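Overview (structure and organization)
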Amino acid sequence: MTASLIFAMVAAFLAGIGARDQLIVARLSGHFGGSRPVLAVALACAALSAAALAWAGWRVETLISDAAETMLVAFALAAASLELFWRNREAPAREPTRSLAALAIVLLSRQLGDGARFCIFAIAAATASPQMAALGGALGGGAALAMGWMLGYSLERRVPLRKIRVAIGSITLATALVIALTARGIV
């Protein structure tokens, strides 16, 4: 039970470094001078998306075998690694809005299909502990967003996000391959 919390927290944090949702929050924080409502919406979205994907993982867990759960984890990690390798070329908004509802919609739409939430989904399915996976995912995803909020514009200017994401993606892909080979009985 504690393992799912820790794995989800670490996976969501690492996959969230330099992710689109983190960049949106960092840019808005830089533009609006560290607006606390932006942080509050970001943290709420991280919690909501983590809970939704943990619940989905728990529902899938009841439908598949143990070997399929292990392959699901490998697939989720592989999908997360592909996202980490993918170059983020999203341009900053020219006129960022102050609408917190619009921010919530954009963040949730980005988070519900990103690599960090795939990992939460897979961890919830593999461990049958959706509450702990949701909590860990919310904490890790929230920490990544809070880091973006604190750094603001300097996140992109001073942190080598591309190199960090490629390094994390490489580790994630290697982990996915080992898990997949183990599930197939090859290793």
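Everything discussed here concerns the structure shown above.
Residues numbered from 1 in each chain as written. Predicted model: local features only at pLDDT ≥ 70, side-chain atom pairs only at ≥ 80, totals over all residues. Heavy atoms only, no water.

1. Regarding the environment of S4
Quick note on the threshold: The helix and strand labels rest on DSSP assignments: H or I over at least four residues marks a helix, E over at least two residues marks a strand, and numbering proceeds from the N terminus. Note on contacts: a residue pair qualifies if any of its non-hydrogen atoms lie within 4.5 Å across the two residues. Counted as a polar contact is a pair of N or O atoms within 3.5 Å, where, for protein atoms, one must be capable of donating a hydrogen and the other of accepting one, and residues adjacent in sequence contribute only when both atoms are in side chains.
Within the element layout of this structure, S4 appears in helix α1 (residues 2-16). In the structure, S4 is positioned 28 residues away from F32 in sequence and 36 Å away in space, judged by C-alpha atoms. What S4 contacts, discounting residues up to four positions off in sequence, is I123, T127, S129, M132 and A133. Reaching out from S4, the side chain makes a polar contact with the side chain of S129 at a distance of 3.4 Å.

2. Observations concerning α1
What counts, and what does not: Helix span, expected: 1.5 Å multiplied by one less than the number of residues in the helix. Using a 1.4 Å probe on the protein chains alone, a residue whose accessible area is under 20% of its type maximum counts as buried, one over 50% counts as exposed, and one in between counts as partly exposed. This arc is taken over the directions from the axis of the helix to the C-beta atoms.
Across its 15 residues, α1 extends 21 Å between first and last C-alpha, which sits within 8% of the 21 Å expected from 1.5 Å per residue. Looking at α1, one finds that the buried residues are S4, L5, A8, A11, A12, A15 and G16. Looking straight down α1, one finds that the buried residues subtend no more than 145° of arc, so they occupy a single side. Opposite its buried face, α1 presents the exposed residues T2 and F7, each directed more than 90 degrees away. Against the buried residues of α1 lie α2 (20-32), α4 (66-85), α6 (115-127), α7 (130-151) and α9 (161-183). A positive backbone phi angle near 75° is found at G18, which sits one or two residues after α1.

3. Looking at the pattern of salt bridges
Put simply, the test is: Salt bridges are identified by distance alone: a Lys or Arg side-chain nitrogen within 4 Å of an Asp or Glu carboxyl oxygen.
If you walk through the whole model with that rule in mind, you get three salt bridges. Residue D21 is joined to R117 by a salt bridge in which the shortest nitrogen-to-oxygen separation is 3.6 Å. Pair noted here: D21 is in helix α2 and R117 is in helix α6, with a separation of 96 residues, a long-range link. The class of D21 is buried, set by a relative accessible area of 4%. Residue R117 is classed as buried on the basis of its relative accessible area, which comes to 2%. Here E156 and R27 are joined by a salt bridge, their closest N and O atoms 2.8 Å apart. Placement of the pair is E156 in helix α8 (residues 154-158) and R27 in helix α2, with a sequence separation of 129 residues. Since its relative accessible area comes to 37%, E156 is described here as partly exposed. Residue classification places R27 among the buried positions, given a relative accessible area of 13%. One salt-bridge network, in which partners are shared between bridges, spans D21, D114 and R117.

Function cannot be read off these values alone, since they describe shape.
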